[in-house]
Amino acid sequence: MQVVLVVSSSGGVLGMPAGARSKAGARPRFAARWDVPDDAPEPLPEPGRAALRLEVVMGALSDPLRMRIVRTLLLESEAFDHTCGWFGFDRPKSSLTHHFRTLREAGLIRQRQYGLERRSHVRVDDLEARFPGLLALVADWEG
């Protein structure tokens, strides 16, 4: 499966096929694409697409740090997935573990265990299918 993030000229993030245009017809400013690496481990347990619930997703996004995590992954990702250390947060590891677990259990991010570290990326396709436009709102957030 290919993960495609498209950032429109207005700064919104959309999950769309390569070559597609946004509903407004604007061409995307840039698109970052990452294939799941062949050696990637299986994702950690998470809700399936059909099981994603808006109130759970919104509850997870109600914390400013969690909103920042998702927004940063959407707009600044440099690879397929990232460790919690990539964000540079000055927080205890136990606090970050809690926040990332909350995001994963809500279905916002997918995590994989690589040895001793977990790496995360946003579940763009699933979230856009269930809640169209939600990720654009997260990307536009200026908290």
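Draft legend 1. Looking closely at helix α2 (residues 64-76). Look at α2: 17 Å from first C-alpha to last across 13 residues, which is about the 18 Å you get at 1.5 Å a residue. All of the buried residues along α2 are Leu65, Arg66, Met67, Ile69, Val70, Thr72, Leu73 and Leu74. N-capping of α2 is provided by Asp63, with a side-chain oxygen placed 2.9 Å from the backbone N of Leu65.

Draft legend 2. Highlighting the packing of aromatic side chains. Using the criterion set out here, one finds 3 aromatic pairs in the structure. Taking the centre distance of 4.9 Å and the plane angle of 75° together, the rings of Trp86 and Phe87 count as edge-to-face. Its relative accessible area of 26% is what places Trp86 among the partly exposed residues. Given the relative accessible area of 13%, Phe87 is considered buried. Connected via pairs of aromatic rings, a cluster forms that spans Trp86, Phe87, Phe89 and Phe100.

Draft legend 3. Main features of the pattern of salt bridges. In the structure shown here, the tally under the stated rule is 7 salt bridges. In this structure, Glu46 and Arg110 form a salt bridge, with 2.6 Å as the shortest nitrogen-oxygen distance. Linking Glu46 in the loop between β3 (30-35) and α1 (54-61) with Arg110 in strand β5 (residues 109-114), this pair joins segments that are 64 residues apart in sequence. The shortest N-O distance in the salt bridge between Glu117 and Arg119 comes to 2.7 Å. Accessibility expressed as a relative area gives 31% for Glu117, which makes it partly exposed. A single salt-bridge network, built from bridges that share partners, covers Glu46, Arg49, Arg110, Arg123 and Asp126.

Draft legend 4. Quick look at helix α3 (residues 93-106). Here α3 spans 20 Å end to end across 14 residues, near enough to the 20 Å set by a 1.5 Å rise per residue. Listing the buried residues of α3 in full gives Ser95, Leu96, His99, Phe100, Thr102, Leu103, Arg104 and Ala106. As for α3, its buried residues are in contact with α1, α2, β5 and β6 (117-122). Count one or two residues on from α3 and you reach Gly107, which has phi positive near 95°.

Draft legend 5. The arrangement of the packing of α1 against α3 in detail. Running from amino to carboxyl end, α1 crosses α3 at an angle of 160°, the nearest separation of the two axes being 9 Å. Classified by the angle their axes make, α1 and α3 are roughly antiparallel. The hand of the α1/α3 crossing is left-handed. Residue-level contacts link Val56, Val57 and Ala60 of α1 to Thr102, Leu103 and Ala106 of α3. Of the residues contributing to the contact of α1 with α3, the split by class is 5 nonpolar, 1 polar and no charged.

Calculation criteria
Residues numbered from 1 in each chain as written. Predicted model: local features only at pLDDT ≥ 70, side-chain atom pairs only at ≥ 80, totals over all residues. Heavy atoms only, no water. Helix = DSSP H or I, 4+ residues; strand = E, 2+ residues; numbered from the N terminus. Expected span 1.5 Å × (residues − 1). Buried < 20%, exposed > 50% of the residue type's maximum accessible area, 1.4 Å probe, protein only. Polar contact = N/O pair within 3.5 Å; in protein donor to acceptor, adjacent residues only side chain to side chain. Phe/Tyr/Trp six-rings, centres within 6.5 Å; stacked < 30°, edge-to-face > 60°. Salt bridge = Lys/Arg side-chain N within 4 Å of Asp/Glu carboxyl O. Contact = heavy atoms within 4.5 Å. Axes fitted to C-alpha atoms, helices over the stretch in contact; angles between N-to-C directions. Parallel < 35°, antiparallel > 145°, perpendicular 65-115°, else oblique. Left-handed = near helix turned anticlockwise from the far one by under 90°. Nonpolar A, V, L, I, M, F, W, Y, C, P; charged D, E, K, R; others polar.

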